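Below, each chain spelled out in residue letters.
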Amino acid sequence: MDKISIKGQRQLSGEVKISGAKNACLTLMPLSILLQETLELTNVPNLSDIITMQTLLRSLGSYIKYNPEKNSLKLTTKNITNSTADYDIVRKMRASILVLGPLLARMGKASVSLPGGCAIGARPVDLHLFGLEKLGAKLKLKDGYIIGNVRGRLKGAKIKFPFVSVGATENIIMAASLAKGTTIIKNAAREPEVVDLCNCIISMGGKIDGVGSSTIIIDGVDHLKHTTHNVMGDRIEMGTFMLAPAIAGGKIKIKGCNTDYLNSFIEKLVETGVDIKKNKNEIIVEKNIDVLNPINVITAPYPGFPTDLQAQLMTLTCFSKGISKFEEKIFENRFMHVPELIRMGANIEVQGGIAKVTGVSKLKGAPVMATDLRASVSLILAGLASSGETVISRVYHLDRGYENIEKKLSNCGANIRRFK
Ligand code: UD1
């Protein structure tokens, strides 16, 4: 199994190009189930989660041509030959649940393995099921599978989610796009990835109003047509790279994602005292102070502070002067990076959903273990600023969401290498 070694305390300088957004791509790919024609995606990141979604779609009958050099993906689903999303694939990736809405809309039936628990909390799918039932699907759970049937066609409905779910919003938007009549989603997720999905559906001939707001109105159409869609840049990758010079020292220019998507994160980074110059699609981050201010962070749905950047920002606060607090409101168990950071010398206490970080003057390299995607990258960031060598094992977590991370960091002067 691959490991990553980092010899820290090297100033960074250079430029990083952000890849296409993993999370946007993972919903755009199942969207292709809704049409017989080809959906072409460009700016597709070369990541293991993208490969897993291809495996799943191929198992349903999709023909997929992936060109990792050109970052493009052509997905054609002329016929669905199988409407079962098997446990062996679904267990690898929770986003597999996003085939459920499209399968029900196109085929009128689906059988999708329950994703089950996962490392960062219980993560149920009840809101997905609630929304699809409102659209007229009959759903039952049997032997660990969600079995769904639709008599005729899905029908537009009013759906008010009790709280915000990105995945449930996406599943319903896709299903409602081919339903008969109008669907109104209240308390919809406003994440940029949801906007990217809506824009792609609109360019396929779908009818959606209220894009980017918490009320989304979808007028179902009879069919969707071919389009080519450029996947948005990965805002979480951009935020992660912004933290690299803030933690290790130096100055980096990062480009390839709309920086407005990161406003709540940037606000916190500025509060720590890090210098930021922001343009539309690029940002320059420089650490030109010795003492970082402590901060308080509460994760929330977009446009609030993203849970997917909580672990990485916590690593920065390990080096600040004073006490920072992180309240995790989205995933109850998302502090698995904490014990590993403590092994490197951090002073962090977790009580309930709150982590209290008391800044220390330095961290020391140690062997650490990646436990989930964002936790693993927070350890890479910690390693960049630590004395000695940090060796991170189980880096397959990292390969799910960060394309060429060692190359991108070593191009900026980091001493980082992957080995078996
Ligand atoms: C997506 C992102 C993930 C990000 C998360 C929150 C993808 C592939 N993943 O995950 O990176 O961290 O949004 O921004 O896009 N919940 C329920 N019932 C449901 C659905 C969700 O209780 O049916 C809960 C979850 O357990 C969680 C909260 O709602 O506590 C938000 O989850 P959700 O927004 O659905 O996250 P995902 O779409 O899984």
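See the structure printed just above.
Keep in mind it's a predicted model, so treat the numbers as computed, not measured. (Residues numbered from 1 in each chain as written. Predicted model: local features only at pLDDT ≥ 70, side-chain atom pairs only at ≥ 80, totals over all residues. Heavy atoms only, no water.)

Draft legend 1. Structural detail: the sheet that holds strand β9 (residues 145-149). With mixed pairing, the four strands of this open sheet are ordered in space as β6-β7-β9-β8. Pairing within the sheet leaves two strands with one partner each, and these edge strands are β6 (84-85) and β8 (138-142). As paired elements, β8 and β9 share five bridges and run antiparallel to each other. Each residue of the ladder has a partner; that of lysine 138, found in β9, is asparagine 149. (Pairing = 2+ DSSP bridges. Helix = DSSP H or I, 4+ residues; strand = E, 2+ residues; numbered from the N terminus.)

Draft legend 2. Main features of the nonpolar core. Membership of the largest hydrophobic core comes to 75 residues, with the highest contact counts inside it found for Leu31, Leu41, Val99 and Ile173. Listed in part, the 65 residues of the second largest apolar core include Ala248, Ile266, Leu316 and Val395. (Core = buried A, V, L, I, M, F, W, Y, C linked by side-chain atoms within 4.5 Å. Buried < 20%, exposed > 50% of the residue type's maximum accessible area, 1.4 Å probe, protein only.)

Draft legend 3. Focus on the layout of surface pockets. The volume enclosed by the second largest pocket comes to roughly 290 Å³. Residue lining of the second largest pocket: 15 residues in total, with Ile247, Ala248, Lys287, Phe319 and Ala385 positioned closest to the centre. Here the lining of the second largest pocket is composed, by residue class, of six nonpolar, five polar and four charged. (1 Å grid on protein atoms, 1.4 Å probe; cavity = no way out; pocket = protein on both sides within 12 Å on 5 of 7 lines; lining within 4 Å. Points joined across faces, edges and corners; volume = space filled by probe spheres on them. Nonpolar A, V, L, I, M, F, W, Y, C, P; charged D, E, K, R; others polar.)

Draft legend 4. Structural detail: the pattern of salt bridges. Counted according to the given criterion, the structure contains 19 salt bridges. With a shortest N-O distance of 3.0 Å, aspartate 2 and arginine 418 are connected by a salt bridge. Of this pair, aspartate 2 sits in the segment before β1 (3-7) while arginine 418 sits in strand β24 (residues 415-419); the two residues are 416 residues apart in sequence, bridging distant segments of the chain. On the basis of relative accessibility, which here comes to 27%, the residue arginine 418 falls in the partly exposed class. (Salt bridge = Lys/Arg side-chain N within 4 Å of Asp/Glu carboxyl O.)

Draft legend 5. A look at the site of the ligand. The environment of the ligand is made up of 19 residues, and the closest members are Asp126, Leu127, Ser165, Asp308 and Ile330. In the model, a nitrogen atom of the ligand is placed 2.6 Å from a nitrogen or oxygen of the aspartate 126 side chain. In the environment of the ligand, an oxygen atom lies 2.7 Å from a nitrogen or oxygen atom belonging to the backbone of leucine 127. The protein chains hide 86% of the 740 Å² of surface that the ligand would expose on its own. At the level of secondary structure, the elements contributing two or more residues to the shell around the ligand comprise α5 (126-134) and α6 (166-177). Examining the composition of the shell around the ligand, we find that three residues originate from one element, α5, more than from any other. Tallied by class, the residues present in the shell around the ligand amount to nine nonpolar, five polar and five charged. Looking at which domains feed residues into the shell around the ligand, each of domain 1 (3-18 + 233-419) and domain 2 (22-220) supplies at least three. (Near = heavy atom within 4 Å. Polar contact = N/O pair within 3.5 Å; in protein donor to acceptor, adjacent residues only side chain to side chain. Areas by Shrake-Rupley, 256 points an atom, 1.4 Å probe, with all protein chains shown as cover. Domains from an automatic or database assignment.)

Draft legend 6. Focus on the sheet that holds strand β10 (residues 158-160). Across the sheet, four strands lie side by side as β10-β11-β13-β12; this open sheet has mixed pairing. For this open sheet the edge positions go to β10 and β12 (207-209), each flanked by a neighbour on one side alone. On average, each strand axis in the sheet is inclined to that of its neighbour by 15°, with strand direction left out of account. (Axes fitted to C-alpha atoms, helices over the stretch in contact; angles between N-to-C directions.)

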